[in-house]
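Structural characterization, general
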Amino acid sequence: MMDNNPEECSVCFNNYDDTLLRPRTLPCGHTFCSQCIDNAIKNGQLSCPSCRAQHTATAATQFPVNYGMEAFIRKLKGMEVVPVKTVPTKPNKAPTRGISKKLRSLVEEQKSSISSLITSCEEVLSQLGEYRGQLGDWNTQHLQLQDRLYALVEQNKSAMKLLELEDTSVVDMTTQGEEGKTQLQAMLGSLDTVNTVQEVDTTIDTADECSMKVEDWLQKCQELFPDVNTVHTSVKVQETIREALEMTTTETGATADPVHLGDSDSSIMNKVKEITGEIPQKEITVEDLRRMSEPVKSLVEAGRVVAVKSLVEAGRVVAVKSLVEAGRVVAVKSLVEAGRVVAVQEDQDGRRSARITLQDGQLYLHPLLRQPTPAHAHTLQESDVVGVLDPSCTLAFLDLGWAGSTRGRVTIRLTPDTPLARQFVLLCTGQRGHTFRNTKLLGVGYKGHPGECVVGGDYESNDGQGGARLLPDLRGQYRESRQAGAVWSWWRWPGGPTSAQFNITTRDLQAGHQRSGVFGDVVSGLDVVRAAVNHSDIREVTVVDCGVVLPL
């Protein structure tokens with residue numbers, strides 16, 4: 001028999017809801033509300049009210065929620081038509097002769113205005129209904145994801161239980177091993193004090209027995225540990241959860257990125273599609289980034305100001321004229337701050353992308369990496385971005401970290417137009433596929449003495465044995481310096497620099513001594529390098545990030 005009221009539970013005839021009466025589907029295919037299923041469960045068994053099929057269950061929550069039914073019900077609610085109270089119309093009467101043509105024209109104009117507003121109301125009501133249906137679909141998707149997250153949590157709990165059991169076994173075996181070791185040590189003492197044949201025989205027999213127990217213990221340790229299932233399950237569950245978190249979490253948290261919609265005439269659903277990226281955003285250009293620093297007055301005069309009250313009050317108005325003219329105003333600054341502006345590079349191996357960040361009013365380009373492009377990101381060609389770098393004023397940066405946290409940023413001004421400086425930029429931006437990112441500092445020279453320096457830059461093996469040069473010839477006109485903060489490379493005569501490894505001087509050299517091959521100077525963050533020198537193990541200090549400053 002066909003169910004003419006699918007939104008109702010066929011047992012209690014109440015409408016399904018999102019709490020006590022959620023629709024749940026039994027293995028036999030029939031759907032009932034959670035409350036009726038709980039009421040029908042007896043002694044761990046459930047008989048389907050429709051087909052009498054028997055199911056094993058202790059609670060309704062053991063059966064899956066019928067998300068399709070919930071979505072269908074929400075759409076039905078969205079389609080409900082609310083009756084409009086109409087004012088009884090009076091029979092048309094002949095126009096009153098006392099009303100002039102001018103007044104009658106005003107009346108007609110008012111009627112036309114009201115009719116137009118009614119049409120607009122109907123259009124917006126229709127949009128709201130469609131939007132509510134979309135909200136319902138998203139809510140259903142969230143519930144489905146929630147169930148999957150619960151499953152991940154249960155997997156995590158199971159893995160932790162296995163680890164607890166394994167830890168208990170390790171503790172037990174450790175106790176046995178300590179006892180065996182203590183007995184063997186006691187046997188050594190006893191063997192040193194034996195004086196008669198009988199004492200020798202007895203002590204040796206006891207020692208043999210202790211030795212057999214310890215040998216058995218050693219064999220058991222080899223057989224029992226590690227438990228393959230425990231280790232494999234723990235690692236795989238961690239990887240699965242970590243990947244899930246990395247896909248859903250960004251540096252700015254789980255809150256939505258700010259999106260500025262300039263076209264107020266666009267329909268509600270079109271704005272929704274613009275936010276979700278179904279309507280592609282216009283690609284941002286280097287000129288758009290450059291305009292971020294233009295004076296407010298010139299932007300106002302040019303008619304390119306985005307009306308964002310907080311930005312205007314802060315004197316940091318962003319404008320992109322081409323997007324305004326296209327009816328697509330985008331607040332570039334907010335996009336950069338949200339991490340949604342990236343530089344991309346396509347090659348034979350696929351796409352790489354680099355973050356562009358904003359800090360203290362300065363734009364930074366991070367290295368190209370093979371990583372997923374953020375959802376709905378605005379992209380620029382990496383070659384266009386790097387092309388704006390002024391050879392006479394190149395600033396690079398290294399972020400140093402140790403003990404699990406980033407300790408500070410080291411900014412370096414590179415000597416203009418030298419091979420070592422160009423190579424340093426290549427390794428800070430990753431244009432050739434290699435980068436200083438995640439490399440370690442290799443050692444400290446002359447620690448505590450004049451000329452103290454740190455060594456880094458082995459992007460190949462990270463142990464000081466690698467770091468081959470990226471450019472065929474690194475010879476050039478380089479400076480000499482005895483000052484702390486000098487960035488230099490080892491110089492081998494007569495061939496000149498031979499490596500991508502670099503040195504940073506942290507203490508002035510003695511008078512009369514100079515470092516050659518200097519291609520840059522630390523302009524900020526030398527205190528961070530000195531703190532790294534004083535760390536207990538310099539090889540624990542890592543270049544956690546790197547890049548260049550964009551002179552826009």
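These numbers were taken from a predicted model, which means no experiment stands behind them. (Residues numbered from 1 in each chain as written. Predicted model: local features only at pLDDT ≥ 70, side-chain atom pairs only at ≥ 80, totals over all residues. Heavy atoms only, no water.)

**Describing the pattern of salt bridges**
All told, the structure shown has 16 salt bridges when counted by the stated rule. Note that Lys236 and Glu239 form a salt bridge whose closest N and O atoms lie 3.4 Å from each other. Within this pair, Lys236 and its partner Glu239 are both found in helix α5 (residues 228-248), separated by three residues, close to a single helical turn. A salt bridge links Glu452 to Arg507, with the nearest nitrogen and oxygen atoms 3.7 Å apart. With a gap of 55 residues between them, Glu452 in the loop between β12 (443-445) and β13 (453-456) and Arg507 in the loop between β16 (502-505) and β17 (515-524) connect regions that are remote in the sequence. When its relative accessible area of 39% is taken as the criterion, Arg507 is described as partly exposed. Overlapping salt bridges, with partners in common, bring together Asp347, Arg352 and Arg370 in one network. (Salt bridge = Lys/Arg side-chain N within 4 Å of Asp/Glu carboxyl O. Helix = DSSP H or I, 4+ residues; strand = E, 2+ residues; numbered from the N terminus. Buried < 20%, exposed > 50% of the residue type's maximum accessible area, 1.4 Å probe, protein only.)

**Let's talk about the state of the cysteines**
A full pass over the atoms with the stated rule returns zero disulfides. For the unlinked cysteine Cys36, the closest cysteine sulfur is that of Cys33, found at 3.4 Å. Residue classification places Cys36 among the buried positions, given a relative accessible area of 11%. (Disulfide = S-S within 2.5 Å.)

**Points about the side chain of Asp545**
Locating Asp545 in the fold gives a position in strand β18 (residues 542-550). Among the polar contacts listed, one links the side chain of Asp545 to the side chain of Arg355, at a separation of 2.9 Å. In this structure Asp545 touches Arg355, His366, Pro367, Phe397, Leu398, Asp399 and Arg437, once residues within four positions along its chain are discounted. (Polar contact = N/O pair within 3.5 Å; in protein donor to acceptor, adjacent residues only side chain to side chain. Contact = heavy atoms within 4.5 Å.)

**What to know about the nonpolar core**
Counting 58 residues, the largest nonpolar core has Ile356, Leu365, Leu398, Leu400, Phe424 and Phe436 as the members making the most contacts within it. Ranked by the residues each element gives to this core, the list is headed by helix α13 (residues 419-429), at seven residues. Judged by nonpolar contacts, the second largest core, of 16 residues, contains Cys9, Leu21, Ile41 and Met69. (Core = buried A, V, L, I, M, F, W, Y, C linked by side-chain atoms within 4.5 Å.)

**Description of helix α4 (residues 197-224)**
Between the first and last C-alpha of α4 there are 40 Å, a value that for 28 residues agrees with the 40 Å anticipated at 1.5 Å per step. All of the buried residues along α4 are Thr203, Ala207, Cys210, Val214 and Cys221. Tucked inside the fold, the buried residues of α4 contact α3 (101-193). (Expected span 1.5 Å × (residues − 1).)

**With respect to the pairing of strand β10 (residues 405-414)**
Sheet analysis places strand β9 (residues 394-402) next to β10, joined by nine bridges and oriented antiparallel. Opposite Phe397, over in β10, you have Thr411 as the bridge partner. Counting the residues in the hairpin turn of β9 and β10 gives two residues, including Ala403, whose phi is positive at 55°. One ladder, built from four bridges, connects β10 with β17; its direction is antiparallel. (Pairing = 2+ DSSP bridges.)

**A word on the side chain of Thr429**
One can find Thr429 in helix α13. With relative accessibility at 0%, the residue Thr429 sits in the buried group. Of the polar contacts made by the side chain of Thr429, one reaches the backbone oxygen of Leu426; its length is 3.5 Å. Reaching out from Thr429, the side chain makes a polar contact with the side chain of Gln431 at a distance of 2.8 Å.

**Considerations on the packing of aromatic side chains**
By the definition in use, this model includes six aromatic pairs. Ring geometry for Tyr364 versus Phe397: centroids 5.3 Å apart, planes at 85°, classification edge-to-face. Of this pair, Tyr364 sits in strand β7 (residues 362-365) while Phe397 sits in strand β9, and the two are 33 residues apart along the sequence. Given a relative accessible area of 0%, Phe397 falls into the buried group. Aromatic pair Phe424 and Phe502: ring centres 5.6 Å apart, planes at 75°, arrangement edge-to-face. Of the two residues, Phe424 sits in helix α13 while Phe502 sits in strand β16, which places them 78 residues apart along the sequence. One aromatic cluster is present, formed by Phe424, Phe436, Phe502 and Phe519 through successive ring pairs. In this structure, Arg409 is placed above the aromatic ring of Tyr364, and the distance from its NZ or CZ to the ring centre is 4.5 Å. Arg409 extends its terminal NZ or CZ atom over the ring of Phe397, reaching a point 4.1 Å from the ring centre. (Phe/Tyr/Trp six-rings, centres within 6.5 Å; stacked < 30°, edge-to-face > 60°. Lys NZ or Arg CZ within 6 Å of the ring centre and 35° of its normal.)

**Points about the packing of α3 against α4**
At a minimum axis distance of 9 Å, the contact between α3 and α4 shows a crossing angle of 155°. Put simply, α3 runs roughly antiparallel to α4. Along this stretch, α3 crosses α4, giving a crossing that reads as left-handed. In this structure, α3 uses Glu166, Met173, Gln176, Gly177, Gly180, Gln183, Leu184, Met187, Ser190, Leu191 and Thr193 to contact α4, whose residues at the interface are Glu199, Thr203, Ile204, Thr206, Ala207, Cys210, Ser211, Val214, Trp217, Lys220, Cys221 and Leu224. (Axes fitted to C-alpha atoms, helices over the stretch in contact; angles between N-to-C directions. Parallel < 35°, antiparallel > 145°, perpendicular 65-115°, else oblique. Left-handed = near helix turned anticlockwise from the far one by under 90°.)

**Some thoughts on the environment of Lys447**
Relative to the helices and strands, Lys447 resides in the loop between β12 and β13. Between the C-alpha atoms of Lys447 and Arg507, which are 60 residues apart in sequence, the distance is 9.2 Å. Those residues in contact with Lys447, other than ones at most four positions away along the chain, are Glu452, Val533 and His535. In this structure the side chain of Lys447 is engaged in a polar contact, spanning 3.3 Å, whose partner is the backbone oxygen of Val533.

**Topic: the confidence of the model for the chain**
Residues with a pLDDT of 70 or more make up 81% of the chain, whose mean pLDDT is 81. Throughout residues 249-258 the model reports pLDDT below 50, and contacts reaching past four residues in sequence, or to other chains, amount to nine contacts. For the stretch residues 295-330, pLDDT sits under 50, and the model shows 59 contacts to residues farther than four places along the chain or on other chains. (pLDDT = per-residue confidence, 0-100.)

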